[in-house]
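What follows is each chain in one-letter form.
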Amino acid sequence: ENEPCATAYQQLFPLFENDSVSVTLDDLEEAFSVERVTKEFFNKYAEKFYQLKDYLENNSEFKVESQVHGFNAEQFAKKLLGQIVFLYFLQKKGWLGVEKNSEWGTGSPNFMRKIFQDNESTGKNFFDEVLEPLFYTALNVDRSRKNDLYPRLNLRIPFLNGGLFEELDNYDWQKNNFSIPNEIFSNVASKGRDADGILDIFDRYNFTINEDEPTEREVAIDPEMLGKVFENLLDVSTRKSKGAFYTPREIVHYMCRETLISYLVEKSKISENAIRNFILYGDYFKDADIANFADNKDLQISDEIFSPAQKVNRLAELDRFLQAVKVADLAVGSGAFLLGMLNEITKAREVLTAYLNFGRDEKIVRNLYDLKIETIKNSIFACDIEPSAVDIAKLRLWLTIVIDDEPTADKKFFKPKPLPNLDCNIICGNSLIDEFEGVALIKHSKVLNNMAEAKGQGLLLQGEIDSRIADLIRVQKNLFHESDHARKEEYRRYIRDIYDGIILEQLGKNSALAKRYKLAAQQKSLPFVLWQLYFPTVFKENGGFDIIVGNPPYIDSEEMTRTMPELREIYSRKFETAKGNWDLYVLFWEMSFNLLNQNGVATLITSNKWLSIKYGESLRRLLVDHIFAIGDYTSFYAFKSAGVSTVFVMVKRNIIENVQVTKFNADYTKSLSYAVSKNIIRPFDNLGLLLSNNFTTIKKLLENEKLGKHFNVSGAATVSETYEIAKLVSENNDSIVNQKIFFKFINTGTIDKFISLWGTKEMTYVKNKYLYPVVEKTSLHKNFPKRFAQANSPKLITTGIRYFEVYGDFYGEYLAAKSTEIITPKSSYGIKALLPILNSSVVFFFLKEAYGGMALGGGITFSPNNLSNIPLPKIDDKTKNELENLTDIYSDKFSS
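This structure is a prediction, so every number in the text was calculated from the model and none was measured. In every chain, residue numbers begin from 1 and rise along the written sequence. This being a predicted model, a pLDDT of at least 70 is required before a residue's local features are given, and a value of 80 or more before pairs of side-chain atoms are given or counted; all residues contribute to the totals for chains, interfaces and linings. Values shown for side chains rest on all heavy atoms present in the structure; no hydrogens or waters enter the calculation.

(A) Seen up close, the overall build of the protein chain. A helix here means a DSSP run of H or I that spans at least four residues, while a strand means a run of E at least two residues long, and both kinds are numbered starting from the N terminus. A tally of helices and strands in the protein chain yields 37 helices and 29 strands. With a 1.4 Å probe rolled over the protein chains alone, any residue whose accessible area is under 20% of its type maximum counts as buried; one over 50% counts as exposed, and the rest are partly exposed. By the burial criterion, 56% of the 896 residues in the protein chain qualify as buried. Contacts are assigned to residue pairs with any non-hydrogen atoms lying within 4.5 Å of each other. For the protein chain, the share of sequence-separated contacts (at least 6 apart) that also reach a separation of at least 24 residues comes to 70%.

The following block contains the structure:
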């Protein structure tokens, strides 16, 4: 009756039907693999989500309730499933269904099933009569004076606080008129072993609250699955428009660890080797050094950090740096990077606790739970534009706290602690916008240490603004731990009033603008994130963030133009890196860099295009002096669902001379690591060169003249032209074309080295297929004179994707499609002499190596910019004639 086992059995059973077939260890590993089991769970979870969402969307009573309170079926379904999942983790801890005189941890591991069955026997509605009261009068109410006894069940139920079990947008659960059928939660009575209600599915899986490192994974549903569920619940089109792609935990773990190492090295000035060994191996060192210290032996921890013999003790200093670090994720998604940084920080501090106690009679006592609470409060900050992402990030943080909320050995004083309120740590809004309708907000304050930005009338508001911000910091700290519902609401109103007061004063006397702001401020996802106002302690104490880490959304220029044209226009005016056909992650790099303090480090994983492509030029200019490390995942798709090759890049605000490049295999192990001086690559404006395994050879090739010196390289059509030109394409009757009337039409699929495949290979263009595609010259000249002139000229036409093949149209016979690039002469070098050079293995080698960061083998799109950088040999008249003869020979040879 265990779902993963049943699935594995079904997979393995056919192997036993034939006695001669043996079952291998590989068969068993595949059947019981973590990936297989979790994928099945995700699919079932998604199925239940859509069933619940569809039911609510078609429920007239729910429609009325949702319109009144401003939520929708998707939000309600996601929150309800999240609440139920959280309870499955709690029952795993034994916190649910505790008898009134029993200890916490002794509750029923089948609590959810039991309360459903008890309700089923009464014939009442499970959602109305059990779940909602459990959420809102048990888990969300402090009953500590009554020994946490919940009268409706006569059992102890913990008070959790935090907001997870607060009503969505304060809807009145006691007066709502909608319910959810019991069968959605469980249909065992009607389906038996095939039951597929929410509880039926969840009951079949092993929930564990241990979110392990990559090397310690078990076949169970751990908190990480919530992040993958979030991705899974976005259909392909929605996920693409929101750019949400889940980062594999191996990458998260590595990036967080490397970023923390860099931060500690910068702050402490201890050598990187010493800090790296401490972060990577501190747990092992600690256990060995406890015995070493007692026996007066040499310690394994670095002498630079702690050496009684040399009177070196930097332990407390490192602990202070870890305690004070300010970390942000500008697009938090499901919270993977927040959890990664939290775990690295608290693990390091836990190791330091052991060393700090060496030789002390009165030991320092601090447990992992307290360290996590302190770190989340002081160090963890984030935003996301997607409300459900914020909800899941909060939920994962709450779960990781619950993991370590454990009793002391005697259990004497233990009771589950209320969860913190994360309202002021994780904000839902557009993290790229810190203004309202063009008015810059909260840009100057003595309290925030940014008075250099103050100008004009803004100075008149300073006394009032600084006073309010100081008050804001105090109230935010109070709200974090507050568990009284009335006081929480009071703090929240007070914080909102401070926000509104400061912002409205800066908007001036424009009443219409003020009214629009008030409406915007009520949205679930704010159209802005005012970093300095929402996170004032970061800028007051730190002057910005110490660490920014994450996986910003991947939304390309075409998708933005289609789905968010107005916002793209705002971004284009606001960001200096928004040049050309920029993708959204480019702006997250600029914003991240600007939010760092003077010693801060940012690590983002993105598409690798910006390292080489034309639209990344301004971003390269901004960051090149500050990049100190690149992690290269371009040999495989780390984000299979996104279909892009990726790199993570690490930058510091100070200037760094060398770049450390680390290349990874598909199993996330390192394949190669090397350092390169920026002085070598600066002249080429192509950071993709750093990813070449043959950098020395490429550098030598780049000492030659570039193709762009002698030839013009241009695209064959814009995106908008593509669809208009498609209307002019027709099918000729046969291969004989009246060249006075028509151009032949050619694209990447019908070009080979030296030859055209027009008429011999079918061409697909804007979903239509042609064997003899042509375009009438007069129509083209009338509608697209620039493309007519291009087609009517001698030229080389290159394939634009994956492999590089070039055809010579020396007589102006062809119109080229968007997927190609056009090369025309501007010197005496000559396109006929150029053709064999471009079709050579040397040029293909160069493109593959120099633009490996743009995933050549996996679908690179060539551009005029990177083709213009192809190195050319110097040639004399004799060599030119020989090359032109080669063109004639190869063209005849390949044509035949």
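The structure having been displayed, the exposition proceeds.
(B) Broad picture of the pattern of salt bridges. A pair is scored as a salt bridge if a Lys or Arg side-chain nitrogen falls within 4 Å of a carboxyl oxygen belonging to Asp or Glu. Under the definition given, this model contains 45 salt bridges. Arg113 is the salt-bridge partner of Asp200, the closest N and O atoms lying 2.7 Å from each other. Taken as a pair, Asp200 in helix H10 (residues 198-203) and Arg113 in helix H6 (residues 111-120) lie far apart in primary sequence, 87 residues in all. One salt-bridge network, held together by shared partners, links Glu166, Asp423, Lys488, Glu489 and Arg492.

(C) Spotlight on unusual backbone geometry. Positive phi, normally seen in glycine, also occurs at Asn154, with a value near 55°. As for its placement among the helices and strands, Asn154 is situated in the loop between strand S1 (149-150) and strand S2 (155-156). Its relative accessible area of 40% is what places Asn154 among the partly exposed residues. Positioned with a positive phi, Asp685 is a non-glycine residue whose angle comes to about 45°. You can see Asp685 is positioned in the loop between helix H28 (678-681) and helix H29 (695-701). Take Asp685: its relative accessible area is 32%, and that puts it in the partly exposed class.

(D) Geometry of the packing of aromatic side chains. Classification of ring pairs rests on two measures: the distance between centres of Phe, Tyr or Trp rings, Trp counted by its six-membered ring, which must be within 6.5 Å, and the angle between planes, read as stacked under 30 degrees, edge-to-face over 60 and tilted in between. Taken as a whole, this structure holds 50 aromatic pairs when the rule is applied. Feature note: the residues Phe62, Phe71, Phe76, Phe86, Phe127, Phe135, Tyr136, Phe165, Tyr171, Trp173 and Phe178 constitute an aromatic cluster, connected by ring pairs. Working rule: Lys NZ or Arg CZ, within 6 Å of ring centre, within 35 degrees of ring normal, means a charge sits over the ring. Here the basic side chain of Arg653 rests over the ring of Phe593, its NZ or CZ set 4.4 Å away from the ring centre. Lying across the ring of Trp758, Lys744 places its NZ or CZ 4.8 Å from the centre.

(E) A look at the environment of Ser618. Tracing the backbone through its elements, the reader meets Ser618 in helix H27 (residues 617-623). The class for Ser618 is buried, based on a relative accessible area of 6%. On a C-alpha basis, the gap between Ser618 and Val586 in space is 9.4 Å, while along the polypeptide they are 32 residues apart. Apart from residues no more than four positions distant in its own chain, Ser618 is found in contact with Glu576, Thr577 and Lys579. Any pair of nitrogen or oxygen atoms within 3.5 Å is treated as a polar contact; in protein, a donor-acceptor pairing is required on top of that, and neighbouring residues in sequence qualify only through side-chain atoms on both sides. A distance of 3.2 Å separates a polar atom in the side chain of Ser618 from the backbone oxygen of Thr577.

(F) Seen up close, the sheet that holds strand S26 (residues 806-809). Spatially, S17-S28-S25-S26 is the arrangement adopted by the 4 strands of the open sheet, whose pairing is antiparallel. With one partner strand each, in any of the chains shown, strand S17 (711-715) and S26 form the two edges of the open sheet. Strand after strand, the sheet turns through a mean of 25° between neighbouring axes, direction not considered. Here the rule is simple: two strands pair whenever DSSP picks up at least two bridges between them. Sheet topology places strand S25 (residues 795-799) next to S26; 4 bridges connect them, and they run antiparallel. Bridge pairing links Leu796 to Gly808 in S26. Axis definition: a line fit to C-alpha positions, over the contact stretch in the case of helices; interaxial angles, taken between N-to-C directions, run 0 to 180 degrees.

(G) How the structure looks around the sheet that holds strand S27 (residues 814-816). The sheet built from 4 strands is open, its strands ordered S18-S24-S19-S27 with mixed pairing. Lying at the two open borders of the sheet, with one neighbouring strand each, are strand S18 (729-731) and S27. Pairs of neighbouring strands in the sheet enclose a mean axial angle of 45°, with direction left out of account. In this sheet, strand S24 (residues 773-776) lies alongside strand S19 (residues 742-746) in antiparallel orientation, the contact comprising 3 bridges. When the sheet's bridge partners are listed, Phe743 is paired in S24 with Val775.

(H) Quick peek at the pairing of strand S15 (residues 670-677). Pairing between strand S14 (residues 658-664) and S15: 7 bridges, direction antiparallel. Within the sheet, the bridge partner assigned to Phe664 lies in S15 and is Lys670. In this antiparallel pair of consecutive strands, S14 and S15, the connection spans 5 residues, and Tyr668 shows a positive phi of 75°.

(I) Quick peek at the packing of H6 against helix H7 (residues 126-139). Axis separation between H6 and H7 bottoms out at 10 Å; the angle between their running directions is 140°. As the angle between them shows, H6 and H7 are arranged oblique. Between H6 and H7 lies a crossing of right-handed hand. Across from Phe111, Met112, Ile115, Phe116 and Asn119 in H6, the residues of H7 making contact are Phe126, Glu129, Val130, Leu131 and Leu134. In what follows, roughly perpendicular refers to angles from 65 to 115 degrees, roughly parallel to angles under 35, roughly antiparallel to angles over 145, and oblique to any angle outside these ranges. For any helix crossing, the convention is left-handed if the near helix is rotated counterclockwise from the far helix by under a right angle, and right-handed if that rotation is clockwise.

(J) Seen up close, the layout of surface pockets. Considered as a void within the structure, the second largest pocket measures approximately 1,600 Å³ in volume. Definitions used throughout: a 1 Å grid over protein atoms alone; a cavity as a set of points that fits a 1.4 Å probe which cannot get out; a pocket as an open set with protein on both sides within 12 Å along at least five of seven lines; a lining residue as one with an atom within 4 Å of a point. Taken together, 48 residues make up the lining of the second largest pocket; nearest its centre are Asp169, Lys394, Asp423, Arg496 and Lys524. Among the elements of the structure, helix H5 (73-93), helix H11 (224-232), helix H18 (387-403), strand S7 (426-428), helix H20 (485-507) and helix H21 (511-521) are those that each provide at least two residues to the lining of the second largest pocket. Grid points are joined across faces, edges and corners, and a volume is the space filled by probe spheres set on the points.

(K) Highlighting the confidence of the model for the protein chain. pLDDT gives the predictor's per-residue confidence on a scale running from 0 to 100. Mean pLDDT over the protein chain works out to 86, with 85% of the residues at or above the 70 mark. When pLDDT is averaged over each helix and strand of the protein chain, the minimum, 44, is found for helix H12 (residues 236-242) and the maximum, 98, for strand S5 (residues 327-329). Taken together, the stretch residues 235-241 has pLDDT below 50 and engages in 13 contacts with residues farther than four places along the chain or on a different chain. Overall, residues 451-460 carries pLDDT values under 50, and its contacts beyond four positions in sequence, including any with other chains, amount to 10 contacts.

(L) Local environment of helix H15 (residues 315-324). When H15 is considered as a whole, its buried residues turn out to be Leu315, Leu318, Asp319, Phe321 and Leu322. Within H15, the buried residues cover an arc of 160° as seen down the axis, which keeps them to one side. Packing partners of the buried residues in H15 comprise helix H13 (249-268), helix H14 (272-294), strand S3 (306-307), strand S4 (312-313), helix H16 (336-356) and helix H17 (368-379). Taking the helix axis as origin, the arc is that swept by the directions to the C-beta atoms.

(M) Quick peek at a nonpolar patch on the surface. Patches here: salt-bridge-free residues with over 30% relative accessible area, like charges joined within 9 Å, nonpolar side chains (Val, Leu, Ile, Met, Phe, Trp, Tyr) joined within 5 Å. Only the protein chains shown count as covering a residue, and every accessible area follows the Shrake-Rupley method with a 1.4 Å probe. A surface patch of nonpolar side chains, about 250 Å² in accessible area, is lined by Val719, Tyr723 and Val766. With respect to the secondary-structure elements, Tyr723 resides in helix H31 (residues 719-726).

(N) Fine view of the nonpolar core. Of all hydrophobic cores here, the largest spans 126 residues; its most connected members are Ile84, Phe86, Phe185 and Phe202. Ignoring anything within four residues of it in the chain, the contact list for Phe185 reads Leu80, Ile84, Phe116, Phe126, Phe127, Leu131, Ile180, Gly197, Ile198, Leu199 and Asp200. Counting 113 residues, the second-largest nonpolar core is a separate cluster that includes Phe539, Ala578, Tyr615 and Leu835. Buried Ala, Val, Leu, Ile, Met, Phe, Trp, Tyr and Cys residues form a nonpolar core when they are joined through side-chain atoms within 4.5 Å.

(O) How the structure looks around the packing of H15 against H17. Where H15 contacts H17, the axes come no closer than 8 Å and their chain directions differ by 60°. Between H15 and H17, the angle is such that the two are oblique. In contact with Leu322, Gln323 and Ala324 of H15, H17 contributes Glu374, Asn378 and Ser379. Residues are sorted three ways: Asp, Glu, Lys and Arg are charged, Ala, Val, Leu, Ile, Met, Phe, Trp, Tyr, Cys and Pro are nonpolar, and all the rest, Gly among them, are polar. By residue class, the composition of the contact of H15 with H17 is 2 nonpolar, 3 polar and 1 charged.

(P) Molecular detail of H17. In this scheme, a helix's expected span is set at 1.5 Å multiplied by one less than its residue total. If you check H17, its first and last C-alpha atoms are 15 Å apart, about what 12 residues at 1.5 Å a residue would give, namely 16 Å. The set of residues buried in H17 consists of Tyr369, Leu371, Lys372, Ile373, Thr375, Ile376 and Ser379.

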